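This is what each chain is made of:
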Amino acid sequence: MWRRNYQALPQDKSEEDFTNSESSLDSVPPVVLSNRTKALLRYGFFIIAVCTVFDALLLLVLGYRYAKATWYPLDPDKLETPSTYINFDLSTATARRQTRNLPAMARVFLAPYGTVPYNDRHLLVEPGISTFLQFRALDYGLEECKLTLEVPEYGAKNMHIARVGTPIDVWSLEVDGKVDLLKLSYNTLPRRVEKVGTFTPRYNSTESLPSFACTSGTYHAFLLTCSEGARKEDCWMDVTSVGEDNIGLYLEQHQTI
């Protein structure tokens, strides 16, 4: 057999070795930071704290804007229309008051002097059938409005008249934007606010209701209907305005500056 020689290693250090180790540790000089280094560290910690607070605020703002845009989307119909009449009120402060009739635009035709709207409107009111109207006032400085109904003489070519002569009630409706006509029904009809007047259309006559404030950019809706309990012979209107003439039911605006 092969025999190997082993030698035991010492398990403990001598007292002299421990003394030398402690003396060597004591001889290491302590780390001393200069005032400039301390100032730089404090300044760095301050910058990090400020950046952390700024990032947190930025995340809160972005989260709020994202949640608002997701939960409460903006209606394009309620956006403010930019005014092209900058300081127009200053230039017309002493101007003479004028009146303009602005009918609703349905269809247009091209004329030598520009694009002209057709006033092709079917106005039908009888028991069980009402007519809904909506307008948007856009003209700056023409912010006093009233509804006007003009009926020509019998046999006029600019209006087809099936029935007139009975009173029609006009109600203002509570709206804060454009009403989607495709979704309009008796169930979704805006709430009635007040009765603003009554039209009694007759041949060769023009009627206007009391004026009201119509700030530029606002929507206004009305309902033409029969009185409660009225019979067809007591409430029946059926006219259709056609052609280029300003005829039928329209919104009349007056200058306010």
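It should be emphasised that the depicted structure is a prediction, and the values quoted were computed from it without experimental measurement.

Draft legend 1. Focus on the nonpolar core. Counting 25 residues, the largest nonpolar core has L123, L147, L149, V170, F199, L224 and L249 as the members making the most contacts within it. Not counting chain neighbours up to four residues away, the residues in contact with L123 comprise T131, L149, L224, M237, D238, V239 and L249.

Draft legend 2. How the structure looks around the sheet that holds strand β13 (residues 237-241). Strand order in the open sheet formed by three strands is β4-β13-β7, with antiparallel pairing between adjacent strands. For this open sheet the edge positions go to β4 (121-125) and β7 (159-163), each flanked by a neighbour on one side alone. Averaged over neighbouring strand pairs, the angle between their axes works out to 5° when direction is ignored. Pairing analysis gives five bridges linking β4 to β13, with the strands arranged antiparallel. When the sheet's bridge partners are listed, V125 is paired in β13 with M237.

Draft legend 3. Broad picture of the state of the cysteines. Considering all chains together, one arrives at two disulfides under this definition. The disulfide partner of C145 is C214, and the gap between their sulfur atoms is 1.8 Å. The chirality of the disulfide connecting C145 with C214 is right-handed, given an S-S dihedral of about 80°. Of this pair, C145 sits in strand β6 (residues 144-151) while C214 sits in the loop between β11 (212-213) and β12 (219-225), and the two are 69 residues apart along the sequence. Judged by relative accessible area, which is 0%, C145 ranks as buried.

Draft legend 4. Summary view of the environment of F135. Relative to the assigned elements, F135 resides in strand β5 (residues 131-136). The exposure class of F135 is buried, given its relative accessible area of 10%. Sequence separation of F135 and L251 is 116 residues, and the distance between their C-alpha atoms is 7.7 Å.

Draft legend 5. Summary view of the environment of D245. Relative to the helices and strands, D245 resides in the loop between β13 and β14 (248-254). Exposure remark for D245: the relative accessible area of 43% places this residue in the partly exposed category.

Calculation rules
Residues numbered from 1 in each chain as written. Predicted model: local features only at pLDDT ≥ 70, side-chain atom pairs only at ≥ 80, totals over all residues. Heavy atoms only, no water. Core = buried A, V, L, I, M, F, W, Y, C linked by side-chain atoms within 4.5 Å. Buried < 20%, exposed > 50% of the residue type's maximum accessible area, 1.4 Å probe, protein only. Contact = heavy atoms within 4.5 Å. Pairing = 2+ DSSP bridges. Helix = DSSP H or I, 4+ residues; strand = E, 2+ residues; numbered from the N terminus. Axes fitted to C-alpha atoms, helices over the stretch in contact; angles between N-to-C directions. Disulfide = S-S within 2.5 Å.

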